[in-house]
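# Examining the three-dimensional arrangement
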Amino acid sequence: MSKSLWPKGLKLNIHAPGTGAALMLLAITQIPVAIKTSAEIACIGQISNQVWKQTKSHSTANIVAVQRCNGNN
């Protein structure tokens, strides 16, 4: 009684040789993005903490931290 979402001609084989290579390629291309994003998050956290100690304002600290980490002074 269960109906398949895929017609018989569109069955996907996840064990095909190209699948592993495609997944590795996707993972490798995402590594630089992940490193950059992690560095930005760490920068924002540190700058935000420093500014908050000076101003005691969360909103100001976050705005200043994002601007400094994005290259604005």
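Located above this text is the structure these notes cover.
Thresholds applied
Residues numbered from 1 in each chain as written. Predicted model: local features only at pLDDT ≥ 70, side-chain atom pairs only at ≥ 80, totals over all residues. Heavy atoms only, no water. Helix = DSSP H or I, 4+ residues; strand = E, 2+ residues; numbered from the N terminus. Buried < 20%, exposed > 50% of the residue type's maximum accessible area, 1.4 Å probe, protein only. Areas by Shrake-Rupley, 256 points an atom, 1.4 Å probe, with all protein chains shown as cover. Expected span 1.5 Å × (residues − 1). Bend = angle between axes of the 7 residues up to and from the residue. Contact = heavy atoms within 4.5 Å. Polar contact = N/O pair within 3.5 Å; in protein donor to acceptor, adjacent residues only side chain to side chain. Patch = residues over 30% accessible without salt bridge, like charges linked within 9 Å, V, L, I, M, F, W, Y side chains within 5 Å. Salt bridge = Lys/Arg side-chain N within 4 Å of Asp/Glu carboxyl O.

Let's shift gears to the overall build of the chain. Check the secondary structure of the chain and you find two helices and zero strands. Buried positions account for 8% of the 73 residues belonging to the chain. Looking at the chain as shown, the accessible area adds up to about 6400 Å², and 65% of this sits on carbon and sulfur atoms.

Time to look at helix α1 (residues 17–55). Across its 39 residues, α1 extends 57 Å between first and last C-alpha, which sits within 8% of the 57 Å expected from 1.5 Å per residue. At I31, α1 shows its largest kink, close to 30°, and the proline P32 lies no more than four residues downstream. Where α1 is concerned, the buried positions are I47, S48 and V51. Packing partners of the buried residues in α1 comprise α2 (58–69). K56 sits one or two residues past α1 and shows a positive phi near 60°.

You can see S48 is positioned in helix α1. Relative accessible area serves as the criterion here: at 13%, S48 is assigned to the buried category. Sequence separation between S48 and A65 is 17 residues; the distance between their C-alpha atoms is 5.0 Å. Filtering out sequence-adjacent residues up to four positions away, S48 remains in contact with A61, N62 and A65. A polar side-chain atom of S48 sits 3.0 Å from a polar atom in the side chain of N62.

For the rest of this paragraph, the subject is a nonpolar patch on the surface. A surface patch of nonpolar side chains, amounting to about 430 Å² of accessible area, comprises M24, I28, I31 and I35. The topology assignment puts I31 in helix α1.

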